[in-house]
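Geometric and topological summary
Here is what each chain is made of, one letter per residue.
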Amino acid sequence: MARRQARAAGGRWLPWLGLALLPLAVPPAAAPGGCPSPCYCVATPELVQCRYERLDEPPRELPASVHNLSIAGSNLSVLRRAAFAARPLPDLRLLRLRHDNIQAIEDMALQGLPSLRTLDLSHNPLLSVASGAFAGAPLLRTLQLNQALLAAPLEEQLALALRNLSLRRLELAGNGLRALPSALLPAGLEELDLRNNSLQRLAAAELRSLEAPGLRGLRVSLGANPLRCDCALRPLLAWLRSAAARVPDARSLRCAGPPPLRGASLLRLRPEGLGCAASEGGEAGRLETASYVFFGIVLALIGIVFLMVLYLNRRGIKRWLHNLREACRDQMEGYHYRYEQDADPRRASAAGTPGL
């Protein structure tokens, strides 16, 4: 009897148990504004990350409320026109596209991102940037291109692409730059990151470009560059001492050469202590080398002219040499004759008996 009552009680609970387990058996439908399948949202849909999913294009089903979007380790290759416009993203402020093998950016690639303020394209082998690549993001203020300019020289293309923007921060670290990219410095720029490049010095003309009316408040980071402390560094050293506040890492700058100054702090150097030997590659050294070369060329030309004169007057020179030899011979014969006369014993005996 007790068993029958237990079975009856269990039968009454079975339908309710089935209803409770039904949501687990049926996959839930994607909620509107949820994360796309290859990505995940952190805490809220406002932060979306898509990492190492080998995407060929940006995901289309992004939450409309997303503020920060990060796509890393994919194979986007080309950012095509309106690449993020499949669904309006009016609130997107930060877009990170690192290590995505992006090689080309087409015109209006950022169309549909009216609130974008920070774009990170670091660690991409950029080969081509269209002149209107950033035209769809009028509020863009920070552009990060760290280790993104190693595959091709893009200074002219980027200068055209940035001409209508009001950038405040530009990051160009790790791009092997050997000179200040003056064409990439729009008026109003406040921060420029040039760390870990191949800068050995900043010439006087480059430093003058930093004093342009729209760049007088620009702060430049120069750490981890192979600065060569010879006399060509004097303009930079003088500028650092007068505008140290414009170089946040000025106290950490060290000499990479020549060997006697390797590791020395730039701010502790005296301009008169920077040598200009030719072996050090300074401007004065190069000028001295050029002077020696010019002097050698002049001497060689003089020697050639002298030899040509000798060749053209060879007959006259030969005749002059013959006459000179005859004159020398006559002179020597005269000396020989006098010597024989003085050595003759008969003349000596005659000179010794004067009365005979």
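It should be noted that the structure appears before, not after, this text.
Rules of the game
- Residues numbered from 1 in each chain as written.
- Predicted model: local features only at pLDDT ≥ 70, side-chain atom pairs only at ≥ 80, totals over all residues.
- Heavy atoms only, no water.
- Salt bridge = Lys/Arg side-chain N within 4 Å of Asp/Glu carboxyl O.
- Buried < 20%, exposed > 50% of the residue type's maximum accessible area, 1.4 Å probe, protein only.
- Helix = DSSP H or I, 4+ residues; strand = E, 2+ residues; numbered from the N terminus.
- Lys, Arg positive; Asp, Glu negative; His and termini not counted.
- Polar contact = N/O pair within 3.5 Å; in protein donor to acceptor, adjacent residues only side chain to side chain.
- Contact = heavy atoms within 4.5 Å.
- Pairing = 2+ DSSP bridges.
- Disulfide = S-S within 2.5 Å.
- Arc of directions from axis to C-beta.

Turning to the pattern of salt bridges, a few remarks are in order. What the rule picks out here adds up to 15 salt bridges. Taking the shortest distance from any N to any O, the salt bridge between Glu-171 and Arg-169 comes out at 2.8 Å. Taking relative accessible area as the criterion, Glu-171 reaches 9% and is therefore assigned buried. With a relative accessible area of 22%, Arg-169 lands in the partly exposed category. Between Arg-246 and Glu-211 there is a salt bridge, and its shortest N-O distance comes to 2.9 Å. Residue Arg-246 is located in the loop between α4 (234–242) and β14 (255–257), and its partner Glu-211 is located in the loop between α3 (204–209) and β12 (219–221); the two are separated by 35 residues in the primary sequence.

Take the side chain of Glu-206 next. Relative to the assigned elements, Glu-206 resides in helix α3. Among buried charged residues, Glu-206 stands out as having no salt bridge; its nearest opposite-charge side chain is Arg-201, 8.1 Å away. Within the local environment of Glu-206, its side chain forms a polar contact with the backbone nitrogen of Ala-203, the two atoms lying 2.7 Å apart. Aside from chain neighbours lying at most four places away, what touches Glu-206 is Ala-179, Leu-180 and Arg-201.

A word on the pairing of strand β2 (residues 47–51). Along a regular strand, successive side chains alternate from one face of the sheet to the other. Pairing of strand β1 (residues 40–41) with β2 involves 2 bridges; the strand directions are antiparallel. Note that in β2 the partner of Cys-41 across the bridge is Val-48. Where β2 lies against strand β3 (residues 68–72), 5 bridges are found, and the strand directions are parallel. Residue Val-48 lies in a different strand from β3, and its bridge partner there is Leu-69.

Further remarks concern the sheet that holds strand β8 (residues 128–129). Spatially, 3 strands are ordered β4-β6-β8 in an open sheet, and the strand pairing comes out parallel. One side of each edge strand has no neighbouring strand; the edge strands of this open sheet are β4 (78–79) and β8. Two strands pair when backbone bridges link them, and strand β6 (residues 104–105) and β8 are joined in this way by 2 bridges, in the parallel orientation. Bridge pairing in β8 links Ala-104 to Ser-128.

The next thing to look at is the state of the cysteines. Summed over the entire model, instances satisfying the criterion amount to 3 disulfides. With its sulfur 1.8 Å from that of its partner, Cys-39 forms a disulfide with Cys-50. The disulfide joining Cys-39 to Cys-50 has a torsion of about 100° about its S-S bond and is therefore right-handed. Placement of the pair is Cys-39 in the loop between α1 (2–25) and β1 and Cys-50 in strand β2, with a sequence separation of 11 residues. Cys-50 matches Cys-39 in its accessibility class, with the two residues each being buried. The disulfide bridge from Cys-229 ends at Cys-255, spanning 1.9 Å between sulfur atoms. Handedness of the Cys-229-Cys-255 disulfide follows from its S-S torsion of about -95°: it is left-handed. One end of the pair, Cys-229, is in the loop between β13 (227–228) and α4; the other, Cys-255, is in strand β14, with 26 residues separating them in the sequence. Classification of Cys-229 as buried rests on a relative accessible area of 0%. For Cys-255, a relative accessible area of 4% corresponds to the buried category.

So, on to helix α2 (residues 155–162). Taken residue by residue, α2 has Leu-158, Ala-161 and Leu-162 as its buried positions. Looking straight down α2, one finds its buried side chains confined to an arc of 90°; they lie on one side. Buried residues in α2 make contact with β8 and β9 (142–144).

Across residues other than glycine, the phi torsion is negative in most instances, and most of the peptide bonds are trans. In the segment running from Gly-257 into Pro-258, the intervening peptide bond is cis, with an omega of -5°. Located in the positive-phi region is His-99, a residue other than glycine, with phi close to 55°. Inspection of the secondary structure puts His-99 in the loop between β5 (94–96) and β6.

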